[in-house]
Amino acid sequence: MTGMAFQITTDDIENVLSRLNVKASKEDVKKVFNLLDGDSWRVEKAALNGGTELEEQTESAYDEIEQVLRERELVSDGKLLIK
């Protein structure tokens, strides 16, 4: 979508995985980032709906990234489930 302010980075993926206690290599973080590319609009929308402050938007974006990871069954019980 155009006009969105928040864009997912590999740092965002790394931060979300960290808060889920999932250890991942830089390579795995990049894989997850690429796998979530089709869902980036959801994260951007969540960020914009999260509030006017950057911290609020980031928290909402991270919550949505976590939701997508769980929906796509990419994380479970502190483990990354990618091939």
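For the structure, see preceding data.
A. Spatial organisation of the environment of Lys-45. You can see Lys-45 is positioned in helix 3 (residues 40–49). For Lys-45, a relative accessible area of 43% corresponds to the partly exposed category. Separated by 20 residues in the primary sequence, Lys-45 and Ser-25 have C-alpha atoms spaced 28 Å apart.

B. How the structure looks around the packing of helix 3 against helix 4 (residues 54–71). Two elements in contact, helix 3 and helix 4, have axes separated by 7 Å at closest approach and are oriented at 145 degrees. For the pair helix 3 and helix 4, the sense of crossing is right-handed. Facing Arg-42, Val-43, Ala-46 and Ala-47 of helix 3, the residues of helix 4 in contact are Gln-57, Ser-60, Ala-61, Glu-64, Ile-65, Gln-67, Val-68 and Glu-71. When the residues that make up the contact of helix 3 with helix 4 are grouped by side-chain class, the tally is six nonpolar, three polar and three charged.

C. Main features of helix 1 (residues 10–19). Of all the residues in helix 1, the buried ones are Asp-12, Ile-13, Val-16 and Leu-17. Along the axis of helix 1, the buried residues cluster in a sector spanning 130 degrees; they form a single face. Lining the buried residues of helix 1 we find helix 2 (26–35), helix 4, strand 1 (75–76) and strand 2 (79–80). Positive phi appears at Asn-21, one or two residues downstream of helix 1, with a value of about 60 degrees.

Quick notes on the rules
Residues numbered from 1 in each chain as written. Predicted model: local features only at pLDDT ≥ 70, side-chain atom pairs only at ≥ 80, totals over all residues. Heavy atoms only, no water. Helix = DSSP H or I, 4+ residues; strand = E, 2+ residues; numbered from the N terminus. Buried < 20%, exposed > 50% of the residue type's maximum accessible area, 1.4 Å probe, protein only. Axes fitted to C-alpha atoms, helices over the stretch in contact; angles between N-to-C directions. Left-handed = near helix turned anticlockwise from the far one by under 90°. Contact = heavy atoms within 4.5 Å. Nonpolar A, V, L, I, M, F, W, Y, C, P; charged D, E, K, R; others polar. Arc of directions from axis to C-beta.

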